[in-house]
Amino acid sequence: MFGWGQYGSLSNKSPPGSPTRAAGAHLKPSGAESRNLKAGNSPTGQRPPGTQPPTLEAFPPGSAGPSGLQRNSRGPLVRGGSRSLNLNSRAGSGPGQQQVPENSDSGDESDQRGGILGTASSILGRLGMEERAPDEEQGILVWEVEVAGGWVRLDAETSQLLTQAQAEGRRSVQNCDARSSQKYMVDLERLEQTNQGTGEKRGVRCTRVAEDPKTRRSGGRGRDILEALRRLIAARSALLLAAGVALIVASVVVASTAASAGGKPQPGSGGGGSVAPAPSDEGWSPAPPAATTPALAPTQPPLVPIQPGQWYMCTTLGQCGSAPRRTWSTDPVDLAGAVAGFNAAPPGVSAEAWGPVAAHWSASTPVFQGTDVQLGDIAAFVVELLCSDPFGTGGKDIPFVDLRPPSENKVVAVTQRQLAFLVANALMGNGFTDGGSDGLTAGLLRCGANPAKSTYLYSLLSFLAVLSRELAPGDQGSLLVAATPKGQDNSWMNNLGTRLPEPTVCQRQADGSFDCGLSDFMAGGTQKQALTDIAGGVVGGGAQLCDLAASQDESLVQFYSEVLAFSFFTNGANKDDSATGMLPVPWVLLGARRYMNQLSGNSMGGSCGAIPTGNWLNEAISSRTVPVSVGGTQQKVAPSAFVGVASVCSACNVGDSCSHEELINNKCDLQRRHLEQDLSNWYQAFEPAMYEPSVQQAFRSVVSRIGTGPWGAGVWYGDSQQSFLTVWLATSLLSGITLDYYIYPSFCENQGNQCFVLGTSGGCDACVEQGALLGAGVDPGSCGPRGITDIISQFKGRSAQELYDAMLQVGQPPDQIFDLLLDSNGM
């Protein structure tokens, strides 16, 4: 079975309150002042110049509301509370209040129909198409909360949301304040708001405000829609009515936004409410404002519903869409109240490890998009995440697929917000009711046992810091698609008749640039290029996800924070076996981005990458996305990928037959005798057809080239010439993917050994000498005369079969492989 998670959609955002929206989905502020002007939006605390205050008209209990709704002393139609709204005044008080439909508590079909009609009226009101008689006094409902000194108006969006809640028959509204971490409850019968932390109570009331004539242009359409619903009421059941509402309102959303200009909406822009955006090829289109009435100070930016994003998971081949669930031990909304300013360690992190990181962050606060990102900003974002229920499951449950073996054809596709939500829960120490763990939580405990290792904290905080600036409240961000391929087979042999295309060769220059004009593959930045993680048995290797190391695999996971975060999707069950909480290989993450500086394939002080003392956030991170198909739906994914793939370990198998010095100088025959296994490994990891069919098109859309260094010739000490020929040959067997091969004088693994691919004709001697300080033992005298340009010139355009056969028959050391192959071909 194929299918997406049943709680919302990335590709089809519904207006708040529409039947396609999940019950209980959280709503939260569109802008938090602790992250002021995050998305270029400003709170509206003052009236625009030249405008007059709106006329306020009392709207006491018992008087008529929109569409004939009235205050009912006996309560709403449907009983039960909800914590799905986050309604806060700028003055710090919580939700406002509104009228209840005049209906009985009987709950019979007639009342259900009336409730559905009321819900439809509320939805149409959100769309600026509320029902009005031609001679009806025009205006919009607003809500006020009583504070010291008088009544303070809540914003238009909040008023509309309250109308929706009342029309749906809620007795109470409970919410989480993303700025103050306070919880509020509004009694919709007593018109009373209670701060559940302090017990303070405040009154709420409803008024009507004169509106701009422009906002009435759609009233006729609203009457037509409600008339259609009334006809359904006369002839159909409540169940069919619900379906009718869904279909009619969906058509209204499309019609009302089809004529809108291009561009994205600006949640949190202040003033009146806005229509939820409809999808387009280029992004969310802005909707016409539902009201242009000037705001009264003090007003809070309008609230925007957190639309639950789609998730897509496969437990194995063909078993997609319905994933197992795990339940948090603590409701994330409750956990939000425990978030402090992050100067002190959150519950899920070792205080000893956190302290130095927090001190450094505060003393050298990094900058992103031109502004500082304080720890307090990240804490506010964590509160927002915990309140947002991004999976649309009601908050306490999440879908979960363990990517550990047996791991064939598994898929976990989640949004950036959903992944950040998981990170937030892990940092706050949230566990599961089943008593089990996850790989990220297990990693926090494991790494925290050694306070000197703290890079993982920089990585996770940098991930949250960047997203706190990129994601507007309610924005799910782009999709991240993690997948494992099926088991190895010999299908690559069917492609040996293909011709060898010329690869792109990129040699590092003294200034750190590459002569091919591309960015360092380790640092990312080349569109649709997959980064090759020279992995071992798991992603992250011996550093166990904790710190940087003198090997590429251990370090990459720290800079590509989403990879580290995805370790959440492992069971982490065995605390004595770190591999149970680490991602398997081969494994791909489509849409992965680098969040921290600085990273290069060339060794940096004996390490792969180094965190600067200041401004370590990657301000050059790309926000570009490409359309892809995942599970039969159109989604957006960043055009980059992280692929973990292991080679055969020469050093593991050599025994006493070769010395270490022979290995680093390409002088060991065993290094040349695992060609077929390495071809299978590479093909399994990079061939789209090896993955679950529902994500193959996404793989092809995101990956059109592979960036790699000396895969196979790192700290497993393979032959660098053999490894180049292997990846060139294996990439030629893939469908529609080309090779970018990067050469470093001192690659951070097996420094200096890669120089041998240059040959003396390409400067091998000088390259070895340049990297000699880090590559002790690499002998310039081992450089052969032929280099990479010679071998490419000889074999490009010829069949893959010819190179394959030649490599199987290559002779033994001490001669380098390029020389042996070219000599045998008469060159």
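Structure shown above.
My aim in this report is to walk through the structure given alongside it, one point at a time. (Residues numbered from 1 in each chain as written. Predicted model: local features only at pLDDT ≥ 70, side-chain atom pairs only at ≥ 80, totals over all residues. Heavy atoms only, no water.)

A look at unusual backbone geometry
Consideration 1: Of the consecutive residues Pro405 and Pro406, the connecting peptide bond is found in the cis state with omega at -5 degrees.
Consideration 2: Among the secondary structure elements, Pro406 is positioned in the loop between strand E16 (397-399) and strand E17 (411-415).
Consideration 3: Omega for the bond connecting Val585 with Pro586 falls within 30 degrees of zero, at -5 degrees, which places this linkage in the cis form.
Consideration 4: Its location among the elements puts Pro586 in the loop between helix H12 (561-565) and strand E21 (587-590).
Consideration 5: Even without a glycine there, the phi angle at Gln369 is positive, about 55 degrees.
Consideration 6: Inspection of the secondary structure puts Gln369 in the loop between strand E14 (367-368) and strand E15 (371-372).
Consideration 7: Backbone geometry places Asn750, a non-glycine residue, at a positive phi of 55 degrees. (Helix = DSSP H or I, 4+ residues; strand = E, 2+ residues; numbered from the N terminus.)

Details of the pattern of salt bridges
Consideration 1: Considering all chains together, one arrives at 15 salt bridges under this definition.
Consideration 2: Across the pair Asp719 and Arg672 runs a salt bridge, and its minimum N-O distance is 3.7 Å. Taken together, the positions of Asp719 in the loop between strand E25 (705-708) and helix H17 (720-732) and Arg672 in the loop between helix H14 (660-664) and helix H15 (675-686) put the pair 47 residues apart, joining distant regions of the chain.
Consideration 3: Residue Asp719 is classed as buried on the basis of its relative accessible area of 1%.
Consideration 4: A relative accessible area of 2% means that Arg672 is categorised as buried.
Consideration 5: Among the charged side chains, a salt-bridge network with shared partners connects Arg786, Asp819 and Asp823. (Salt bridge = Lys/Arg side-chain N within 4 Å of Asp/Glu carboxyl O. Buried < 20%, exposed > 50% of the residue type's maximum accessible area, 1.4 Å probe, protein only.)

A closer look at the side chain of Thr731
Consideration 1: Secondary-structure assignment places Thr731 in helix H17.
Consideration 2: Ignoring sequence-local partners within four residues, the contact set of Thr731 consists of Trp682, Ile706, Ile737, Thr738 and Leu739. (Contact = heavy atoms within 4.5 Å.)

A word on the packing of H15 against helix H20 (residues 800-808)
Consideration 1: Running from N to C, H15 and H20 cross one another at 140 degrees; their axes reach a closest spacing of 10 Å. Here H15 is positioned oblique relative to H20, judged by the angle of their axes. Contacts between H15 and H20 involve Leu675, Glu676 and Leu679 on the former and, on the latter, Tyr804, Met807 and Leu808.
Consideration 2: For the contact of H15 with H20, a count of residues per class yields five nonpolar, no polar and one charged. (Axes fitted to C-alpha atoms, helices over the stretch in contact; angles between N-to-C directions. Parallel < 35°, antiparallel > 145°, perpendicular 65-115°, else oblique. Nonpolar A, V, L, I, M, F, W, Y, C, P; charged D, E, K, R; others polar.)

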